[in-house]
Amino acid sequence: MTDTAAPGDGPKRSQKWWKITLGVIAGVVLLAAVGVALSMRFSVHRAFPDVDGEVAIAGLQAPAEVIRDDMGVAHIYADNQHDLFLTQGYVHAQERFWQMDFWRHIGSGRLSEMFGDTQVETDAFLRTMGWQSIAEAQYAAADPSDRAVLDAYTEGVNAYLSSRSPAELSFEYTVLELLNHSYDPEPWTPIDTLTWGIAMAWDLRGNMDAEIARAMLLGSLPPEQVAQLYPPYPGDMNPYIVPADELVTDGTPNASIRAVPGVRTALGSVADKLDLVAAIGVPGAGSGIGSNAWAISGSRTDTGMPILANDPHLAIQMPSIWYQNGLHCTTVSDDCPYDVVGFSFSGVPGVIIGHNANIAWGVTNLGPDVQDLFIEKVNPDDPTQYEVNGRWVDMDVHEEVIQVAGGDPVTIEVRSTRHGPIISDTYGSLEDFSDAGVDAPDPYAIALRWTALDENPGVVPAVLGLDSAENWDDFRDALRLWIVPSQNFVYADVEGNIGYQSPGAIPIRANGDGTLPVPGWTDEYEWTGFIPFDELPRSFNPESGYIVTANNAVVDDSYPYWITYDWAYGYRARRIVDLVGSNAPISLEQVGSVQFDSYDLSAERIVPYLAALDSPINTVLASWDFGNQIDSSGAAAYNAVWKRMLEFTFWDDLPEDYRPEGGSRWFYVVGQMMDRPDDPFWDDATTTDVEDRDAILQKSLDAAYEDLKGWFGDDPDDWQWGAMHVSTFRNQTLGESGIGIVEDRFNRGPFQTAGGGSLVNSTAWLATESFETYWLPSMRMLVDLGDLSRSVVTNTTGQSGHTDHPHYDDMIPLWLSGEYVPMTWTREQVEADAETVQTLTPQR
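It should be emphasised that the depicted structure is a prediction, and the values quoted were computed from it without experimental measurement.

**Student:** Can you lay out the overall build of the chain for me, pointing to particular residues and giving the numbers?
**Tutor:** The helix and strand inventory of the chain stands at 25 helices and 31 strands. Overall, the C-alpha framework of the chain stretches about 85 × 70 × 65 Å when taken along its three principal axes. Scored against the burial criterion, the 844 residues of the chain give a buried share of 64%. Put simply, of all contacts in the chain between residues at least 6 apart along the chain, 74% involve residues at least 24 apart. Accessible area of the chain: about 28800 Å², with a carbon and sulfur share of 48%.

Here is the structure:
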């Protein structure tokens, strides 16, 4: 039996696709630690922005006003569109420029310029992807009106940068100066904005990792067991977003362009394996991550008007990924059509999620299969050539030079084929692809086909369209421009309508279903087009009176196009539907309770099998209400057992990189196995005995009991889920440096936390690591369409990105307890809650 981590231990940070490591220069920091400690208060506070009074700004055409409320939420009032977005850029830079600077270095593959040679491998991958060149093409092709917004926003950012030294921009630059004397932030450009949009698309990318996982597992497991680990979406027990009888389309697609289910591959000896897997219907790696968004019509609310709820689930970080703001044209007109509040990304103009005077919208990740891995047959005599339909053709080859702080530049060669960049040279998960259950040619390379690397306008045009939309038709017209990442958009308006639209470029394949890498040397698996926008799933005023999205399957098999196998398995959606459907008429306060709901549906399935065995834990589970509240002894006991159960059932069968982390897929896989006590996965391959279900469940109970006794003692009243499940909000860069004095300055926590993975209150943790929160509801928003001024929100951390600022962490207690603050909307509300007022005037 392996030792489990202490309940509060953090997860390994290597789970990220980038990681800041400063250990090689820790000695320098430690030598300077005394000086930093003595000067820290002054250095921290000098970076706080001036947010009161009057300031002259170059480029401004007329005075603009920024009113911050008592939570630091900035409402911007301007007479024209140019000044509105210039001021937003200025405000973002005031509060979050370090975050913006770090993000743009991710998007452009230039992290090594800030953090040295520990980031060269990350930069090599990012340069291989070529996000900056995509962003440059987007800007060059942008509509003049969209380009004007990008330019105005950029003016505002640079107006703030020009007035401050690096140390006055953010305290992080003071620390970075000890490590990298040569670094100074460059002026902002519109390309920096656009690269971050592509980086976010990568974060929400689709099923590429599941595609790799299935291929790798086929190298060690029979195909029927791989299929068992990736079962089809359980539509018989969990809901679809748009049931077949509520689906709205504009005609019937041509069957000849419908994606053909099944992987018809030419990969030699494994062809039979791949066909079997596809025939069983292998979905992807549904995990604990995702988001919730739902709209309830007035027929089900206590006001007779819709309520819209949204809580996107993203990685835990400090500061929050979101910056809340209002954008208000003093007179709304065709020339300045914005009067909108909600959540933005620092570095990007507009409001991504929120409401205006007419409509509200929320977002969850659709997760369509928009990435395919193509195995390219490389010329053994020339690694810059690959085969296409029996002929050798040249790859596109160019060099990228990575500048490295404190070191010599590193030059890499980037190769691309007709399908996209070759990522097998730089993407870690493909390092061992030769061990996969796929016969690749020798030599081979793997290229990535991904919609985000195709010509597309970026997200800004669609965001601006949403911010100014007045009705359902305007909303849908804006989403026609939303190409990547494909999302579920939930809609409600002040006329009483609710709706759903899935936008984005979703490919149609000549063959295959995208679940496994396919041969790239023929045209058999090429993309032949994309699902037309008017044939993408949508719903408007469904008879049910609600629309619930929680990364569950959008449509059933009757839908004529192929979207993906890789849905989340619907446990969150099931719980939301049950609560919304059984509480009519429902109030805004009750909808807030749903967002914070921590009921574990999967435990309903598994606990009765545990109860049949002998363990002191069962005394606790017998009275457990399946809730995962902070003070719950039952949740502490069950999650300790669940973690051990996954270990004892699967670790002996699966490679280390593909062991179960928990989440909805594993809820369903293990739940199905409960009816098969002799399933081969129950047997422990490391012993000579043949274990069955009850043997593994008993072993899990025994081990979990020893874990709990070691952590808390043998009195179950002392077992507390919150003591095991904690949230630490970490600065993404210096907060993960490994240097205590630096981390303590930037990080906040640990905090006891309710919820868990694949629950509605989805504070997910990694079963391969510890119980610490890894993904979470990154904000919570409730919009009352009957009275927008009654809408409420909470963010995870605070508005400010400046450590020690009063608004750096003041939202954490609200987020932890499921509380909300007003989502101030009217000028009267904003002025009544005003904490500071700043007037920006044109510089003469």
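Okay, back to it.
**Student:** Go over the environment of Met781, please, and point to the residues and values.
**Tutor:** Within the fold, Met781 resides in strand S28 (residues 779-784). A relative accessible area of 0% places Met781 in the buried class. When the C-alpha atoms of Met781 and Gln324 are compared, they prove to be 11 Å apart, with 457 residues separating the residues in sequence. Ignoring any residue separated from it by four or fewer positions in sequence, one finds Met781 in contact with Leu308, Ala309, Asn310, Phe343, Ile353, Gly354, Trp361, Gln595, Val792, Val793 and Met823.

**Student:** Now, about the pairing of S28: what can you tell me, with residues and values included?
**Tutor:** Burial within S28 is extensive, with six of its six residues counted as buried. Residues Met779, Met781 and Val783 line one face of S28 and the alternating positions Arg780, Leu782 and Asp784 line the opposite face, and both faces are buried. With four bridges connecting them, S28 and strand S29 (residues 792-795) associate as antiparallel partners. When the sheet's bridge partners are listed, Met781 is paired in S29 with Val793.

**Student:** Got a sec to walk through helix H19 (residues 633-650)? Specific residues and values, please.
**Tutor:** Spanning 18 residues, H19 covers 26 Å between terminal C-alpha atoms, matching the ideal 26 Å at 1.5 Å per step. By the criterion of burial, H19 is predominantly enclosed, with 18 of the 18 residues buried. A distance of 3.4 Å separates the backbone nitrogen of Gly634 from a side-chain oxygen at the start of H19, and that oxygen is part of Ser632.

**Student:** Describe unusual backbone geometry, naming the residues involved and giving the relevant values.
**Tutor:** Of note, the amide linkage connecting Met318 to Pro319 takes the cis form, showing an omega dihedral of 0 degrees. Its place among the elements puts Pro319 in the loop between strand S5 (307-315) and strand S6 (323-329). For the peptide bond that leads from Ala584 to Pro585, omega is -5 degrees, which places it in the cis range. The topology assignment puts Pro585 in the loop between helix H15 (571-581) and helix H16 (588-595). A positive phi angle, close to 50 degrees, is found at Asn541, a residue other than glycine. Along the polypeptide, Asn541 turns up in the loop between strand S22 (538-540) and strand S23 (546-549). Residue classification places Asn541 among the partly exposed positions, given a relative accessible area of 35%. Despite not being glycine, Phe626 shows a phi value in the positive range, around 70 degrees. Inspection of the secondary structure puts Phe626 in the loop between helix H18 (617-622) and H19.

**Student:** I'd love a proper account of the pattern of salt bridges, names of residues and values included.
**Tutor:** Inspection of the entire model under this criterion finds 34 salt bridges. Residue Arg480 is joined to Asp477 by a salt bridge in which the shortest nitrogen-to-oxygen separation is 3.3 Å. Looking at Arg480, the relative accessible area reads 36%, which means it is partly exposed. With a relative accessible area of 42%, Asp477 lands in the partly exposed category. When salt bridges that share partners are traced, they join Arg476, Asp477, Arg480 and Asp534 into one network.

**Student:** Give me the lowdown on the environment of Thr797, citing residues and values where you can.
**Tutor:** Along the polypeptide, Thr797 turns up in the loop between S29 and helix H24 (812-817). Its relative accessible area of 0% is what places Thr797 among the buried residues. Look past the residues within four positions of Thr797 in its chain and what remains in contact with it is Gln317, Met318, Pro319, Ser320, Phe729, Tyr808, Asp809, Asp810, Met811 and Ile812.

**Student:** Let's hear about the pairing of strand S7 (residues 339-344): which residues, and what values?
**Tutor:** Of all six residues making up S7, five are buried, and the element is well covered by its neighbours. The sheet contact formed by S6 and S7 spans six bridges and is antiparallel. Within the sheet, the bridge partner assigned to Gly326 lies in S7 and is Val341. Relative to strand S8 (residues 353-356), S7 runs antiparallel, the two sharing four bridges. Paired with Gly342 across the strands is Gly354, a residue of S8.

**Student:** Kindly report on the sheet that holds S8, identifying the contributing residues and their values.
**Tutor:** Taken in spatial order, the 11 strands of this open sheet run S1-S31-S2-S3-S6-S7-S8-S9-S17-S18-S22, and their pairing is mixed. Each edge of the sheet is formed by a strand with only one pairing partner; in this case those strands are strand S1 (53-57) and S22. Taking each pair of neighbouring strands and ignoring which way they run, the sheet shows an average axis angle of 15 degrees. With two bridges connecting them, S8 and strand S9 (residues 359-365) associate as antiparallel partners.

About the cut-offs
- Once a new chain begins, its residue numbering starts again from 1 and follows that chain's sequence as written.
- Note on the predicted model: pLDDT of at least 70 is required for a residue's local features to be given, and 80 or more for side-chain atom pairs to be given and counted; whole-chain, interface and lining totals, by contrast, use all residues.
- The side-chain quantities take in all heavy atoms of the structure and omit both hydrogens and water.
- Starting at the N terminus, helices and strands are each numbered in turn, a helix being any DSSP run of H or I of at least four residues and a strand any DSSP run of E of at least two.
- The rule is simple: take the accessible area with a 1.4 Å probe, protein chains only, and divide by the maximum for that residue type; under 20% is buried, over 50% is exposed, in between is partly exposed.
- Throughout, a contact is declared for two residues whenever any of their heavy atoms are within 4.5 Å.
- In short, Shrake-Rupley with a 1.4 Å probe defines the accessible areas, and a residue's cover is counted only from the protein chains shown.
- Paired strands are those between which DSSP finds at least two bridges.
- Any helix carries an expected span of 1.5 Å times its number of residues minus one.
- By the criterion applied in these results, polar contacts are pairs of N or O atoms within 3.5 Å in which, for protein atoms, one can donate a hydrogen and the other can accept it, and in which residues neighboring in sequence qualify only through two side-chain atoms.
- Counted as salt bridges are all cases of a side-chain nitrogen of Lys or Arg within 4 Å of a carboxyl oxygen of Asp or Glu.
- Only the contacting stretch of a helix is used when fitting its axis, a line to C-alpha atoms as for every element, and angles between N-to-C directions run 0 to 180 degrees.

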